[in-house]
Amino acid sequence: MSGPATGRAAILGTVGVPGNYGGFETLADNLVQYHEETGKALGLTVYCSSRAFDAQPATYHDAKLVYVGLDANGVQSVPYDIVGLVDAVRKGHDRVLLLGVSGALILPLLRMFTRARIVTNVDGIEWKREKWQGAAKHYLRFAERVAVRNSHVVIADNQAIADYLKDAYGCDAEVIPYGGDHAVEALPDPAAAAHLPDGYALGLCRIEPENNIGMILEAFDGLEMPLVFVGNWDKSNYGRALKAKYADHPTITIHGPVYDPRGLRAIRDRATLYLHGHSAGGTNPALVEMMHFGIPIAAHGCSFNRHTTEGRALYFKSAQELRDVVTALAPERVEQVGADMVEIARRRYTWAAIGKAYFALLED
């Protein structure tokens, strides 16, 4: 029997840790915690954007931190990832976990000159997202192809993405979703929800067209059930226009973004229905987090969400369909769907299970 895996692994492609930005940052953060809790012999380094952190400690839990002086998102994400990848292999890391495909352009070169094992999570099918147009869309599609062709292991966070990769590239991807149990471990901050109704439908996401915010707001315009929608409304013209339209609505609360885990917990605790309008991406972290709360979920009926919820949530693809779902909700249906969601979440979307799966690939 072989002993514990030794060597050095680097996690790249995120803003960094502690994770307080998005799904990949939360993933990296929880992988670091899993690494420490399980006493892995494999050394771990996380690459971070120096522009995102005022304080820049050398370690986080038992992981080393390396800072790159570029932004991790937007157009700088490409050189950010490339600089990190080159530095990681130059410093002797023999395993690389790349989250996203922005910097995949350098992977063929790394394969030629190093023996590092490259594991890449391709994220959602990024080039299909509405927010990417023109050159950016073409680059992301090209980068996706390069990543799939030049990684030793490809990870998809959703079976629908794995099916796409198989059809497009003949690639047999490993399917590893996200954990969500951290969302129910935070102690609630009652002050965050003190001004909200006692029970409401909750929307919670980045305010982007592909998340069908307008569709959800239109559906609840005229419904008796109150809606609280939390997001970064002021980040785009799309968000500002919707905020202005519904700012004074009697049953719709337009709420600014909340990043504090305790505040999020309090807002989620008081919801009686969760609305998930995402129609692109894959396994969305916000969805698996909410599944742990045991309330019914109405999700856009795309293949990604159906796979995540095993076809047992409520689904809609138009404002009228969502309106019909809400008005037809009977108490026994509410109880059944909520119970189904939490059963799936505890079985599939815990960080202990996700950490085990990732390190099995890194230690192989």
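What you see is a predicted model, and the numbers here were worked out from it, not measured in a lab.

Rules behind the numbers
- Residues numbered from 1 in each chain as written.
- Predicted model: local features only at pLDDT ≥ 70, side-chain atom pairs only at ≥ 80, totals over all residues.
- Heavy atoms only, no water.
- Salt bridge = Lys/Arg side-chain N within 4 Å of Asp/Glu carboxyl O.
- Helix = DSSP H or I, 4+ residues; strand = E, 2+ residues; numbered from the N terminus.
- Axes fitted to C-alpha atoms, helices over the stretch in contact; angles between N-to-C directions.
- Parallel < 35°, antiparallel > 145°, perpendicular 65-115°, else oblique.
- Contact = heavy atoms within 4.5 Å.
- Nonpolar A, V, L, I, M, F, W, Y, C, P; charged D, E, K, R; others polar.
- Core = buried A, V, L, I, M, F, W, Y, C linked by side-chain atoms within 4.5 Å.
- Buried < 20%, exposed > 50% of the residue type's maximum accessible area, 1.4 Å probe, protein only.
- Pairing = 2+ DSSP bridges.

Caption draft 1: Geometry of the pattern of salt bridges. All told, the structure shown has 17 salt bridges when counted by the stated rule. The closest approach of N and O atoms between Lys-243 and Asp-234, which form a salt bridge, is 3.3 Å. The salt bridge involving Asp-269 is made with Arg-265; its shortest N-O contact spans 2.9 Å. Note that Asp-269 and Arg-265 are positioned in helix α8 (residues 261-269) at a spacing of 4 residues, about one turn of the helix.

Caption draft 2: How the structure looks around the packing of helix α4 (residues 134-150) against helix α5 (residues 159-169). Contact geometry for α4 and α5: axes closest at 12 Å, N-to-C directions at 85°. If you check the angle between α4 and α5, you find them roughly perpendicular. Between α4 and α5, the residues in contact are Arg-141, Glu-144, Arg-145, Val-148 and Arg-149 and Tyr-164, Leu-165 and Tyr-169, respectively. Broken down by class, the residue content of the contact of α4 with α5 amounts to 4 nonpolar, no polar and 4 charged.

Caption draft 3: Main features of the nonpolar core. Core analysis: the biggest nonpolar cluster contains 124 residues, and Leu-165, Leu-217 and Phe-220 have the highest contact counts within it. In contact with Phe-220, not counting residues within four places along its chain, are Ala-201, Met-225, Pro-226, Leu-227, His-249, Thr-251, Ile-252, Leu-275, Leu-322 and Val-326.

Caption draft 4: Geometry of unusual backbone geometry. The omega torsion of the bond from Val-17 to Pro-18 falls at 5°, within 30 degrees of zero and hence cis. Counting through the fold element by element, Pro-18 comes out in the loop between β1 (8-12) and α1 (23-37). Of note in the backbone geometry, Glu-310 takes a positive phi value of approximately 55° without being a glycine. Considering the arrangement of structural elements, one finds Glu-310 in the loop between α10 (303-308) and β14 (314-316).

Caption draft 5: Spotlight on the sheet that holds strand β12 (residues 271-276). Ordered in space as β11-β10-β9-β12-β13-β14, the 6 strands form an open sheet in which the pairing is parallel. Edge positions in the sheet fall to β11 (252-255) and β14, since each has one partner strand and no second. Averaged over all adjacent pairs, the angle separating strand axes in this sheet is 20°, with direction ignored. Bridge analysis of strand β10 (residues 227-230) against β11 gives 4 bridges, and the strand direction is parallel. Its bridge partner being in β11, Leu-227 is matched across the sheet by Ile-252. Packing against the sheet, α8 makes contact with β9 (200-204), β10, β11 and β12, and its axis sits at approximately 145° to β9. Running over the sheet, helix α11 (residues 319-327) touches β12, β13 (297-300) and β14 and is turned about 155° from β14.

Caption draft 6: Representation of the environment of Pro-18 in the model. What makes Pro-18 partly exposed here is its relative accessible area of 38%. With 40 residues separating them in the primary sequence, Pro-18 and Ala-58 have C-alpha atoms 12 Å apart. With residues near it in sequence (within four places) discarded, Pro-18 still touches Asp-29, Phe-53 and Tyr-60.

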